[in-house]
Amino acid sequence: MTPHSPGTDQIDTLLSIGFFAAALVVVAINVALIYAVRKYRGERGAAPRQIRGGRGIQVRVGAVLTVFAAAIFIVSIVFTGKARETPANGDSGLAAAKSSPLTIKATGQQWLWRYDYPNGAFSYYKLVVPADTAIKLELLSTDVVHTWNVPDLSGKRDAVPGKTNKVVFRADEEGTFEGASASLSGQAYASMRTAVEVVSPQAYEDFIKQQKADIESAQGRVVDLIENGEVP
Ligand SMILES: [Cu+2]
């Protein structure tokens, strides 16, 4: 993953800390094992000596491991908490989102994501957002549990029927960020993908306006067809 939002920086750092902590434990255990084996090995052919360690060494090793585990635990809680904070709006972000994040509804359904924008426009599969703007996605589901997962922008979060979860992020540059479903939601879950298209605030405004006009004209055409008797 490549972090493109403040929260994902935290997740990325945490990932590195986790990796180095695990590597440290693996190396330390192997070094201690090789040291002990080399120091206390017996002569070839002779029965090896029986050695008993004192209680002191056990307590000391236990204490070091406990402190290490506790430190990792606390660091991960702090970092995870920071990753979930709503980011501030950037200077070049959408002016309308200055005081509170731009809120968009993301609804998971088998097997498609629908996005509802504040002006009444909606889109499927592709979410368009302005760059450098604090975004709050309200996650909803109409059927089963889906997981919204666009790793470059945010941590995973579940869309649960009857509950509203949220995802916050602020994309630092324009571009398209891909996401895939992250929990099994039925046969076609593998194809339940999404893409976040990050554009300039002006392009975002233009998109939702155009999208709304297109939806209304399509609905108007359907009404015409019904009135003309072409659709029973
Ligand atoms: Cu799904």
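Everything numeric here is computed off the predicted structure, so don't read it as measured data.

As for the overall build of the chain
- Looking only at helices and strands, the chain has three helices and ten strands in total.
- The order of helices and strands in the chain, counted from the N terminus, is α-α-β-β-β-β-β-β-β-β-β-β-α.
- Against the globule reference of 17 Å for 232 residues, the chain gives a C-alpha radius of gyration of 27 Å, more extended than a compact globule.
- Its C-alpha atoms put the chain at 105 × 45 × 30 Å along the principal axes.
- Counting the 232 residues in the chain, one finds 28% classified as buried.
- Intrachain contacts of the chain at a sequence separation of at least 6 include 67% that bridge at least 24 residues.
- Approximately 14400 Å² of the chain is accessible, and the part contributed by carbon and sulfur atoms is 59%.
- The distance from the centre of the 24 positive side-chain charges to the centre of the 23 negative ones in the chain is 21 Å.

A few points about the layout of surface pockets
- The volume enclosed by the largest pocket comes to roughly 390 Å³.
- If you go around the largest pocket, you meet 24 residues; those closest to its centre are G7, I11, A83, R84 and G155.
- Put simply, the parts of the chain that give the lining of the largest pocket at least two residues each are helix 1 (6-40), helix 2 (55-83) and strand 8 (165-169).
- At seven residues, the largest contribution of residues to the lining of the largest pocket is made by helix 1.
- Among the residues forming the lining of the largest pocket, the class breakdown is ten nonpolar, eight polar and six charged.

So, the environment of K156
- On the secondary structure map, K156 appears in the loop between strand 6 (146-148) and strand 7 (157-159).
- Judged by relative accessible area, K156 falls into the exposed class, the value being 55%.
- Separated by 69 residues in sequence, K156 and L225 place their C-alpha atoms 43 Å apart.
- Not counting residues up to four positions away in its chain, the partners in contact with K156 are T147, W148, N149 and A182.

As for the sheet that holds strand 2 (residues 112-116)
- Judged by pairing direction, the sheet is mixed, and its five strands sit side by side in the order 3-2-1-5-8 without closing on themselves. Two strands lie at the open edges of the sheet, namely strand 3 (122-124) and strand 8, each paired on one side alone. Going from strand to strand, the sheet's axes swing by 25° on average, the running direction of each strand aside.
- Strand direction decides the pairing type here: strand 2 and strand 3, joined by three bridges, are antiparallel. Bridge pairing in strand 3 places Y115 opposite S123.
- Across the sheet, helix 3 (residues 201-227) touches strand 1 (102-109) and strand 3, and the angle it forms with strand 3 is around 90°.

Here we look at a nonpolar patch on the surface
- Taken together, F73, I74, I77 and V78 make up a surface patch of nonpolar side chains, about 400 Å² in accessible area.
- Within the secondary structure layout, V78 lies in helix 2.
- Given the relative accessible area of 43%, V78 is considered partly exposed.

Notes on the nonpolar core
- In terms of nonpolar packing, the biggest core is built from 31 residues, with Y117 and W148 touching the most fellow members.
- Looking at this core, the elements with two or more residues in it are strand 1, strand 2, strand 4 (126-130), strand 5 (135-141), strand 8, strand 10 (194-199) and helix 3.
- The residues contacting Y117, other than those within four sequence positions of it, are I104, F122, S123, K126, L127, V128, Y204, F207 and I208.

Some details on the pattern of salt bridges
- In this structure the tally under the stated criterion is three salt bridges.
- Two residues, R114 and D116, come together in a salt bridge whose shortest N-O distance is 3.0 Å.
- The buried category is assigned to D116, whose relative accessible area is 18%.
- Note that R170 is salt-bridged to D132, the shortest N-O span being 3.9 Å. Residue R170 is located in the loop between strand 8 and strand 9 (175-179), and its partner D132 is located in the loop between strand 4 and strand 5; the two are separated by 38 residues in the primary sequence.
- Owing to a relative accessible area of 18%, D132 belongs among the buried residues under this scheme.

A few points about the coordination of the copper ion
- The copper ion binds to the protein through H146 (ND1), S185 (OG) and M192 (SD), with metal-donor distances spanning 2.0 to 2.4 Å.
- Read in sequence order, the donor residues for the copper ion give the motif H-x38-S-x6-M. Of this pair, H146 sits in strand 6 while M192 is found in the loop between strand 9 and strand 10, placing the two residues 46 residues apart along the sequence.

The rules behind each value
- Residues numbered from 1 in each chain as written.
- Predicted model: local features only at pLDDT ≥ 70, side-chain atom pairs only at ≥ 80, totals over all residues.
- Heavy atoms only, no water.
- Helix = DSSP H or I, 4+ residues; strand = E, 2+ residues; numbered from the N terminus.
- Rg over C-alpha atoms; globule rule 2.2 N^0.38 Å.
- Buried < 20%, exposed > 50% of the residue type's maximum accessible area, 1.4 Å probe, protein only.
- Contact = heavy atoms within 4.5 Å.
- Areas by Shrake-Rupley, 256 points an atom, 1.4 Å probe, with all protein chains shown as cover.
- Lys, Arg positive; Asp, Glu negative; His and termini not counted.
- Charge placed at Lys NZ, Arg CZ, Asp CG, Glu CD.
- 1 Å grid on protein atoms, 1.4 Å probe; cavity = no way out; pocket = protein on both sides within 12 Å on 5 of 7 lines; lining within 4 Å.
- Points joined across faces, edges and corners; volume = space filled by probe spheres on them.
- Nonpolar A, V, L, I, M, F, W, Y, C, P; charged D, E, K, R; others polar.
- Pairing = 2+ DSSP bridges.
- Axes fitted to C-alpha atoms, helices over the stretch in contact; angles between N-to-C directions.
- Patch = residues over 30% accessible without salt bridge, like charges linked within 9 Å, V, L, I, M, F, W, Y side chains within 5 Å.
- Salt bridge = Lys/Arg side-chain N within 4 Å of Asp/Glu carboxyl O.
- Core = buried A, V, L, I, M, F, W, Y, C linked by side-chain atoms within 4.5 Å.
- Donors = N, O, S within 2.8 Å, 3.2 Å for Na, K, Ca; no water.

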